[in-house]
4 protein chains.
Amino acid sequence: MDYMNGPGRNHLFVPGPVNIPDQVIRAMSRQNEDYRSPAIPALTKTLLEDVKKIFKTTTGTPFLFPTTGTGAWESALTNTLSPGDRIVSFSLGQFSLLWIDQQQRLGFSVDVVESDWGYGADLGVLESKLRSDSQHPALLLVDGVSSICALDFRMDEWGVDVALTGSQKALSLPTGLGIVCASPKALEAAKTAKSVRVFFDWKDYLKFYKMGTYWPYTPSIQLLYGLRAGLDLLFEEGLDNVIKRHTRLGTATRLAVAAWGLKNCTAKEENFSDTVTAVVVPPYIDSSEIVKHAWKRYNLSLGLGLNKVAGKVFRIGHLGHLNELQLLGCLSGVEMVLKDIGYPVKLGSGVAAAAAYLSNSTPLIPSRI
Amino acid sequence: MDYMNGPGRNHLFVPGPVNIPDQVIRAMSRQNEDYRSPAIPALTKTLLEDVKKIFKTTTGTPFLFPTTGTGAWESALTNTLSPGDRIVSFSLGQFSLLWIDQQQRLGFSVDVVESDWGYGADLGVLESKLRSDSQHPALLLVDGVSSICALDFRMDEWGVDVALTGSQKALSLPTGLGIVCASPKALEAAKTAKSVRVFFDWKDYLKFYKMGTYWPYTPSIQLLYGLRAGLDLLFEEGLDNVIKRHTRLGTATRLAVAAWGLKNCTAKEENFSDTVTAVVVPPYIDSSEIVKHAWKRYNLSLGLGLNKVAGKVFRIGHLGHLNELQLLGCLSGVEMVLKDIGYPVKLGSGVAAAAAYLSNSTPLIPSRI
Amino acid sequence: MDYMNGPGRNHLFVPGPVNIPDQVIRAMSRQNEDYRSPAIPALTKTLLEDVKKIFKTTTGTPFLFPTTGTGAWESALTNTLSPGDRIVSFSLGQFSLLWIDQQQRLGFSVDVVESDWGYGADLGVLESKLRSDSQHPALLLVDGVSSICALDFRMDEWGVDVALTGSQKALSLPTGLGIVCASPKALEAAKTAKSVRVFFDWKDYLKFYKMGTYWPYTPSIQLLYGLRAGLDLLFEEGLDNVIKRHTRLGTATRLAVAAWGLKNCTAKEENFSDTVTAVVVPPYIDSSEIVKHAWKRYNLSLGLGLNKVAGKVFRIGHLGHLNELQLLGCLSGVEMVLKDIGYPVKLGSGVAAAAAYLSNSTPLIPSRI
Amino acid sequence: MDYMNGPGRNHLFVPGPVNIPDQVIRAMSRQNEDYRSPAIPALTKTLLEDVKKIFKTTTGTPFLFPTTGTGAWESALTNTLSPGDRIVSFSLGQFSLLWIDQQQRLGFSVDVVESDWGYGADLGVLESKLRSDSQHPALLLVDGVSSICALDFRMDEWGVDVALTGSQKALSLPTGLGIVCASPKALEAAKTAKSVRVFFDWKDYLKFYKMGTYWPYTPSIQLLYGLRAGLDLLFEEGLDNVIKRHTRLGTATRLAVAAWGLKNCTAKEENFSDTVTAVVVPPYIDSSEIVKHAWKRYNLSLGLGLNKVAGKVFRIGHLGHLNELQLLGCLSGVEMVLKDIGYPVKLGSGVAAAAAYLSNSTPLIPSRI
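Residues numbered from 1 in each chain as written. Chains lettered and ligands numbered in written order. Predicted model: local features only at pLDDT ≥ 70, side-chain atom pairs only at ≥ 80, totals over all residues. Heavy atoms only, no water.

**Some details on the interface of chain C and chain D**
Thought 1: Listed per partner, the contact involves 58 residues of chain C and 58 residues of chain D.
Thought 2: Here chain C packs against chain D, burying approximately 4,600 Å² in sum over the two surfaces, 63% of which is carbon and sulfur.
Thought 3: When the area that chain C buries against chain D is broken down by residue, the three leading residues are C:Gln31, C:Asn32 and C:Arg105, summing to 15%.
Thought 4: Counting across the interface, chain C meets chain D through 4 salt bridges.
Thought 5: At the junction of chain C and chain D, the tally comes to 14 residue pairs in polar contact (both at pLDDT 80 or more).
Thought 6: Of all the secondary structure elements, the ones that give two or more residues to the side of chain C that touches chain D are helix H1 (22-28), helix H2 (39-54), helix H3 (69-80), helix H4 (94-105), helix H8 (202-211), helix H9 (221-237) and strand S10 (300-304) of chain C. (Contact = heavy atoms within 4.5 Å. Buried area = accessible area lost by both parts, 1.4 Å probe. Salt bridge = Lys/Arg side-chain N within 4 Å of Asp/Glu carboxyl O. Polar contact = N/O pair within 3.5 Å; in protein donor to acceptor, adjacent residues only side chain to side chain. Helix = DSSP H or I, 4+ residues; strand = E, 2+ residues; numbered from the N terminus.)

Shown next as structure tokens:
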């Protein structure tokens, strides 16, 4: 078949899948292996131990499902809940919609709290719902697909019962691992949860954990080595530094958006995301044209607005293995696209605003000092 | 972490995951991409069209799930059946046991036909069960994980309703794609099947097929390009030639086993598999010692006997991207292992028997004539 | 050993080695092969035929030496000249100095025409020297290491006798191929040239060309496949489009430099290079600090000023597999470095100037229209 | 272009280039880097230090030329000798012929000691020549291309002045590094040697060694990282174990040849090589047909007989990254080829002889015990 090659690198700024470090691509460029030899359990053991660090948990139990974020959601729900169980869910964006849809299709009773897109979950509503349902054995399930490994997240400290992410997000791997981490309380709940499940069942994993062979079915050898390499890089940089880098890149992006005279789809600063910025375009512009044009002319991949905000926003993903100059190249590209598409942007304005901030906040690379 | 390196190549003869062609490893050694750009749907379209060829179907609809064979099983069952529906299943080996377990846990009423391991499904029993249940709307679901792309399989001609395989088997890719193909009758059944499903639901895929974007959630970019490269190689060799090669390697293996004076766990010739040979060891030998020793001394990976035949058989996988001299190297290694472990084998005997057959049956490589 | 990892990609803007397309890295990620099998000569034949296109010659004979540009120089000289032969050489930059040094050490009588660095060869001087040496059998040898495949070059039309380049420059491969192309007149001269040579001798290659086995000694299998992939990409983009892209990136860089209020080391427009820009820094700045700082803080690799201009200039390489947003990311990085190092640059100024030009001149990517 | 693919792996048993470990292929699958950044000198420093270990020298100075073995030869000669200097060379095989040809073309006075091919150098002749030339300042130059890293070699202990090898031989890398190691006496000789040289001149390297930047011209970044990975593997296995493995594989090969009733081209046991075995075929067989057929039918790459022994011998290379079962697969293939080509071999006979020896001599893999 014909590929759609362009000169130079693709600039990948969708909110996932994200840029993979070359070290990870190398680690994954390998043959299959017998996953029942001693080598793969030995590797898996280090992964399970180390993956807990990205959830900031010492008491949680992680599962590395060969699936996507959607599968990780399903695993979180079906292992802890029985059909008819009540879930309080916040509808505040496309992926919350999708998770709610999954919750309903899996037979749970979903109490959907609607909010305008661009606003976060109203914790006051949550508190009152929890209070009114006194002596509830509520579990806190967190979709961390776009946050874990990029934003501050503390499973133990915050009392999270199930947290999950996908390998193609801030972990900067290919798609294929749905990583779910369960608290002791969640594991306990799993013993009585009646939702039908086999592929996503924690029980099978726990059985093989006990045997020390770890895998109830065949894992991707390549993703295991890739995860090893990815975690090594994360720990070398330091998880806190990784989070700071995301803060830096997110802030820089928002400064650029403001300099262009455009609005962030997220209304309040407290809800800003350091992993993705949804930019609202003026009514006379179709944001999907921006995304198409960026790809066709500048080899720049931006995210579409989805569902309610289709045509109205485009998204700049700034998570994962990414640095300042990559982002500035992207921002410069967005400026040219905006100009091409008819928005009166001053070229260089967003880049200047972002660079002014970055030149004050970017640390030296520790291995090179 | 420390890796368990050995000199020279690993000789991978487990029944999966299998040897990956270098062309596929290369094709997969790549960055992530935006799966919503026009490039990935264009690629996916060719894959869905071409994957039908390996099932020998023109009327089937394929699904490329980011999962394993176990997930593909679950997708086949939950999309076509409702809880309580009756399944006739044959219990004749470890993976049939696992599938039956899944069927039971998913809430189906499983009519298990027991047979001794090493014997195939008793089709007479099946026929009488079907006849006694007259005017049944039975669907034929086939677990082709260890056969499709290696053995003769004809979905349309044989009236199969759902067939499935996994990428890490005869397709010779890494683990991560569960490939399910549904007949029109199966798709029709999916409309009324009441089993709970979301991640594995065909409906979501069909919706995105119609839109031309193909993916309800993020696929592995790398596996898509890998599948493209793998299919290109299969078609270059010719699917019929691939099947003949498996017949050749399977026959050669069985000749070697006979020459060693050992028995095939499969009793009748009509049930011999050209993808794996389970070799029965004498009672005074623990077959798991053979597997351990092969790996520790000769960098040879063999399959353990599982469950009922644990300790009693070891398995030689001879499927996927493999040729005559690779197999002969393996057989020679098995001979040395048998000798080491105390079985009185005549070194060279199995290799000689296999080579005598192969030197009469191996064709010239077409691209080199 | 410890590697000097940094977050995100390295931004490689030295004038060589340059960014390699992922397609080439993939093509080279491979095993060794027997170079005496029919496969390698068949591959080599296509390479020799296609490599002539990048020299724009139909009558030339190319040689793919396993060496660097320095070795290619030596091959060009020793195959065409005898010790004591006179060479007119222009001293106008670091690499001309190095080539002149090589010419002298190889025993030729070098008539060095000195010019200030930053000025091109004075063709008037050359003409008068050639005229005064009437009936000379002069050969025209061109060091195209930093130009061929990036700038307009026409071997046949311009009457060039030996042209050469290195794989790690505009061809965008790893270092390791010194590509030399000889006109019929040069081949004729080689028959009588008395310079001592063995490894670099064209005669051995021509003997193996005649036999159809092509290689007098072992080539790098990986570089041959890499060259194949690299040429395929070049021809897909179109050599003329590649040259236009270099013009575009070179122009954009110079516009940025001017916007920063800095000077191009190259004095006259007619001598501007579209593959590298040497930027003169103010006397109070040590340009080597710019290069160090860029690498330490922004993962940006710039070129040092060499020899006479050490400390006075830094170089931005803009050749090879590179696009607009990569360059803009680099320019934005240079701005931040200049600011960090104490030069009063207006952040965004160079990027704005470059982007204004690029947004008017960048074509759509043909495969995506 | 069309590639000459075949099913399964290529079995590479030419005496070079040899099988590359996957770890090395991975390490080399990478982007270019600025070789003037601190990272590459830091890497080079470890390489130069560690490469001395494979020569077993502490006083030698290594050079990593971007060239082949032929270039390494030229570097060894031109840096230590002046035109007209006398060399005693032994003519005893194809590569000695080629080196003698190079010596003559480089202008040295070569005293060729002829011996029948298949016999080693007559050390008695050498001794008498050295004695008769009393008070000679003779240097001992050793072509270790097919031996260093595979056979016992001790530069310091044996008083070798220049030793050299190529990366595509026992080091198991791609072609592209000519590794030359010079004793202090050789370095001293280089100061006065008058042979013309530039690319291959040690002086330029020594100048850059002193500066700590190491490279007078651009190295292959990929080969440097590949060499690092290759050396790491060698040291992990242990150089002495690597040598023992070569002894084992060489011995096994010779036992197979004897079992087939064929003769080793090397007459005396003391001259047997543990890296390659040249097998003499009966007069009624053309050995080049064996090589062709092996490649066309069994994807097996064997070495041709060259020059005087063309058509009379074929060669089995058994050096580099290779283990027992790979060799046994090859030997089994050779048996089938011999049968196909009309030689009355008993299938399994050579494999049995080799396996009998190997099953007694192969150690457990240390990392797996």
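**Quick word on the domain arrangement of chain A**
Residues and elements named next belong to chain A.
Thought 1: Looking at the assigned domains, one finds that chain A contains domain 1 (22-237) and domain 2 (239-363).
Thought 2: Placing a centre on the C-alpha atoms of domain 1 and another on those of domain 2 gives a separation of 29 Å.
Thought 3: Listed as interface residues are 20 residues of domain 1 and, on the opposing side, 21 residues of domain 2.
Thought 4: At the junction of domain 1 with domain 2, the criterion picks out 2 salt bridges.
Thought 5: For Asp240, the salt bridge is made with Lys56, and the minimal N-O distance between the two is 3.4 Å.
Thought 6: Between domain 1 and domain 2 we count 8 residue pairs in polar contact (both at pLDDT 80 or more) in total. (Domains from an automatic or database assignment.)

**Examining the packing of helix H12 (residues 324-341) of chain D against helix H13 (residues 349-361) of chain D**
All names here are of chain D.
Thought 1: Interhelical geometry of H12 versus H13 gives an angle of 160° and a closest axis separation of 8 Å. As judged from the angle between their axes, H12 and H13 are roughly antiparallel. Crossing geometry of H12 relative to H13 is assigned as right-handed. Across the interface between the two elements, Glu324, Leu328, Leu331, Ser332 and Glu335 of H12 pack against Ser349, Gly350, Val351, Ala354, Ala355 and Leu358 of H13. (Axes fitted to C-alpha atoms, helices over the stretch in contact; angles between N-to-C directions. Parallel < 35°, antiparallel > 145°, perpendicular 65-115°, else oblique. Left-handed = near helix turned anticlockwise from the far one by under 90°.)

**A few points about the sheet that holds strand S9 (residues 276-280) of chain A**
Residue and element names in this part refer to chain A.
Thought 1: Within the open sheet, the 4 strands sit side by side as S8-S9-S12-S11. Their pairing is antiparallel. With one partner strand each, in any of the chains shown, strand S8 (263-264) and strand S11 (303-304) form the two edges of the open sheet.
Thought 2: Two elements, S8 and S9, share 2 bridges in a ladder whose sense is antiparallel. Bridge assignment links Lys263 to a residue of S9, and that residue is Val280.
Thought 3: Docked against the sheet, helix H10 (residues 239-259) engages S8, S9 and strand S12 (313-317), running at close to 10° with respect to S9.
Thought 4: Sitting on the sheet, helix H11 (residues 287-298) is in contact with S11 and S12, with an inclination near 45° to S12. (Pairing = 2+ DSSP bridges.)

**Comments concerning the UniProt feature "binding site: substrate" (unreviewed entry) in chain A**
All names here are of chain A.
Thought 1: In the numbering used here, UniProt assigns the "binding site: substrate" (unreviewed entry) feature to Arg315.
Thought 2: Along the chain, Arg315 falls in strand S12.
Thought 3: Accessibility expressed as a relative area gives 18% for Arg315, which makes it buried.
Thought 4: The contact partners of Arg315, leaving out residues within four places of it in the chain, are Phe13, Pro15, Val276, Thr277, Ala278, Leu302, Gly303, Leu304 and Leu306. (UniProt positions renumbered as here; feature names shortened; annotations may be inferred. Buried < 20%, exposed > 50% of the residue type's maximum accessible area, 1.4 Å probe, protein only.)

**Quick notes on the relation of the copies chain C and chain D**
Thought 1: For the pair chain C and chain D, the superposition axis carries a translation of 0.0 Å, the fit reaches an RMSD of 0.0 Å, and the rotation angle comes to 180°. The two molecules are tied by a two-fold rotation axis, judged by turn and shift.
Thought 2: Mapped onto chain D, 100% of the interface residues of chain C again fall at the interface, so both copies present the same surface. (Least-squares fit on C-alpha atoms with pLDDT ≥ 70 in both.)

**Quick word on the UniProt feature "modified residue: N6-(pyridoxal phosphate)lysine" (unreviewed entry) in chain A**
Residue and element names in this part refer to chain A.
Thought 1: Taking the UniProt record as the reference, the feature "modified residue: N6-(pyridoxal phosphate)lysine" (unreviewed entry) is found at Lys169.
Thought 2: In this fold, Lys169 is placed in the loop between strand S6 (162-166) and strand S7 (178-182).
Thought 3: Here the side chain of Lys169 touches Ser146 through a polar contact of 3.3 Å, side chain to side chain.

**As for the sheet that holds strand S10 (residues 300-304) of chain D**
Residues and elements named next belong to chain D.
Thought 1: Within the open sheet, the 5 strands sit side by side as S1-S10-S11-S9-S8. Their pairing is mixed. Pairing within the sheet leaves two strands with one partner each, and these edge strands are strand S1 (11-13) and strand S8 (263-264).
Thought 2: Two elements, S1 and S10, share 3 bridges in a ladder whose sense is parallel. Paired with Leu12 across the strands is Ser301, a residue of S10.
Thought 3: Along the sheet face, helix H11 (residues 287-298) touches S1, S10 and strand S11 (313-317) and points at about 165° away from the line of S10.

**Concerning the packing of aromatic side chains**
Thought 1: A complete count under the given rule lists 66 aromatic pairs over all chains for this structure.
Thought 2: Ring centres of B:Phe63 and B:Phe65 lie 6.2 Å apart, and the angle between their planes is 40°; this geometry places the pair in the tilted category. Of the two residues, B:Phe63 and B:Phe65, neither departs from the other in class, the shared state being buried.
Thought 3: When the centroid spacing of 5.6 Å and the interplanar angle of 45° are considered together, the rings of C:Tyr3 and D:Tyr225 count as tilted. Of this pair, C:Tyr3 sits in the segment before strand S1 (11-13) while D:Tyr225 sits in helix H9 (residues 221-237), on two different chains.
Thought 4: C:Tyr3 gets classed as partly exposed once you look at its relative accessible area, which sits at 34%.
Thought 5: If you follow A:Lys53 out to its NZ or CZ, it ends over the ring of A:Phe235, 5.1 Å from the centre. (Phe/Tyr/Trp six-rings, centres within 6.5 Å; stacked < 30°, edge-to-face > 60°. Lys NZ or Arg CZ within 6 Å of the ring centre and 35° of its normal.)

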